Amino acid sequence: RNGHTRAGDGGHGYLKDWLWWGGLLTMGAGEACNFAAYMFAPATLVTPLGALSVLISAVLSSYLLGEVLNVVGKLGCFLSVLGSILLVIHAPQEQEVTSLQDMTNKLLEPGFLVYMSVVLVLCAILVLYFSPRFGRTNILIYISICSLLGAFTVSSVKGLAIAINSVFNDISVLASPLTWILLFTLIVSIVTQVNYLNKSLDTFNTLLVYPIYYVLFTSVVLSTSIILFQEWRSMAVVDVVTTLGAFLVIVVGVAMLHLFKELQVVKENVLNENEIVLNHVWMVSIYATFEMISVNGATVPYSLRK
């Protein structure tokens, strides 16, 4: 409306909008709490529990914004809560990493280096080749870029959380190159994620963007956490299976809450449909009775048939 290029076309006019900044800052406050959570719990537990924000947003929007939360959405909320409870009960215990030296050793392990190299190459291919050609027509391009960058975000956050936790006892962590490398990586990954997430939200339906982004982002973060911290190495088989099942339950709940948000399923419609079905059953029963009478040789009066 103000003549700026839309985000989906590569513009950044939203940076002049105070409402966008208000939303970004409040999201930043929430992410700061997430940052604190990563200091005390494994990423495998923290990241999927972000689905609770979907539930809270749905409930508040129904009361404050007048949006309709249908039966399917309520069932999705219930599934999200159920999956979150199961996830907390069977949460894995990450390997003890208490210093930047331990974190450095983890980051330099061959398996993790290969994994991050693959993620970086995929991001580069998506940004340089697929994004300019197919970004506006394929919903997975922008969202995949944001999701893959989650691998860098979660590893940087965990490392910085250790540095912040250690700085009170050892000020020398501020002089460590790893601290500033992690900070730089975190800033670049977050800025890039915000950029491509705005492109995605401006180009495609939000009801599709959010559940796809949640599933892909959480899957990448879980994979990164498993490879980096070997969180599942000491877990029992039942805990692994339950954790995966709980994550799938949350995914289904989030999908039901968003993908079927505009489906109007209300009590009156259900009652009307039941009434129609009962009428059809009643009519079929009457016709079957007439047929049985006719087969037995009796005559059904015209008034009764009518």
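All chains use their own residue numbering, which begins from 1 and follows the written sequence. Where local features are concerned, this predicted model is filtered to residues with pLDDT of at least 70; where side-chain atom pairs are given and counted, the filter is 80 or more; whole-chain, interface and lining totals use all residues. Side-chain numbers come from the whole structure's heavy atoms, not from hydrogens or water.

1. Considerations on the overall build of the protein chain
In step 1: Across its full length, the protein chain holds 13 helices and 0 strands.
In step 2: Working definition: helices are DSSP H or I runs of at least four residues, strands are E runs of at least two. Numbering for both runs from the N terminus. Shown N-terminal to C-terminal, the secondary structure of the protein chain runs as helices and strands in the order α-α-α-α-α-α-α-α-α-α-α-α-α.
In step 3: Relative accessibility under 20% of the residue-type maximum defines a buried residue, over 50% an exposed one, and the middle range a partly exposed one, all with a 1.4 Å probe and only protein chains included. Expressed as a percentage of the 306 residues in the protein chain, the buried residues total 38%.
In step 4: Counting contacts in the protein chain only where the partners sit at least 6 residues apart, residues at least 24 apart contribute 79% of the total.
In step 5: Only the protein chains shown count as cover for residues, and the accessible areas themselves come from Shrake-Rupley with a 1.4 Å probe. Accessible area for the protein chain stands at about 18100 Å²; split by element, carbon and sulfur atoms hold 69% of it. Contact between two residues is taken to exist if any of their heavy atoms lie within 4.5 Å; hydrogens are not considered.

2. A word on the UniProt feature "transmembrane region" (unreviewed entry) in the protein chain
In step 1: Under the feature "transmembrane region" (unreviewed entry), the UniProt entry names residues 45–65, 71–91, 112–130, 142–164, 171–191, 211–229, 236–260 and 280–304.
In step 2: In residues 112–130, the share of helix is 100% and the share of strand is 0%. The end C-alpha atoms are 26 Å apart.
In step 3: Along residues 142–164, the helical share is 96% and the strand share 0%, with 32 Å between the first and last C-alpha atoms. UniProt positions are given in the numbering used here, feature names are shortened, and annotations may be inferred rather than shown by experiment.

3. Considerations on the nonpolar core
In step 1: Side-chain atoms within 4.5 Å link the members of a nonpolar core, which is a set of buried Ala, Val, Leu, Ile, Met, Phe, Trp, Tyr and Cys residues. Counting 53 residues, the largest nonpolar core has Met 103, Leu 107, Tyr 115 and Val 119 as its most contacted members.
In step 2: Judged by nonpolar contacts, the second largest core, of 5 residues, contains Val 54, Leu 55, Ala 58 and Cys 77.

4. Brief notes about the packing of helix α7 (residues 139–148) against helix α8 (residues 150–167)
In step 1: The angle between two axes is taken between their N-to-C directions and runs from 0 to 180 degrees, where each axis is a line fitted to C-alpha atoms and a helix contributes only its stretch in contact. Contact geometry of α7 with α8 gives a least axis separation of 4 Å together with a crossing angle of 20°. Overall, the two elements α7 and α8 adopt an arrangement that is roughly parallel. Contacts from Cys 146, Ser 147 and Leu 148 of α7 reach α8 at Gly 150, Ala 151 and Phe 152.
In step 2: For the contact of α7 with α8, the class distribution of residues is 4 nonpolar, 2 polar and no charged. Angles are sorted into four bins: roughly parallel if under 35 degrees, roughly antiparallel if over 145, roughly perpendicular if 65 to 115, and oblique for all others. When residues are sorted by character, Ala, Val, Leu, Ile, Met, Phe, Trp, Tyr, Cys and Pro go into the nonpolar class, Asp, Glu, Lys and Arg into the charged class, and all the rest, Gly among them, into the polar class.

5. With respect to the side chain of Asn 198
In step 1: Position of Asn 198 relative to the elements: it lies in helix α9 (residues 177–203).
In step 2: Residue classification places Asn 198 among the buried positions, given a relative accessible area of 15%.
In step 3: The term polar contact refers here to a pair of N or O atoms within 3.5 Å; inside protein, the definition further demands a hydrogen-donor-capable atom paired with an acceptor-capable atom, and it admits residues adjacent in sequence only when both atoms are side-chain atoms. Within the local environment of Asn 198, its side chain forms a polar contact with the side chain of Trp 20, the two groups lying 3.2 Å apart.

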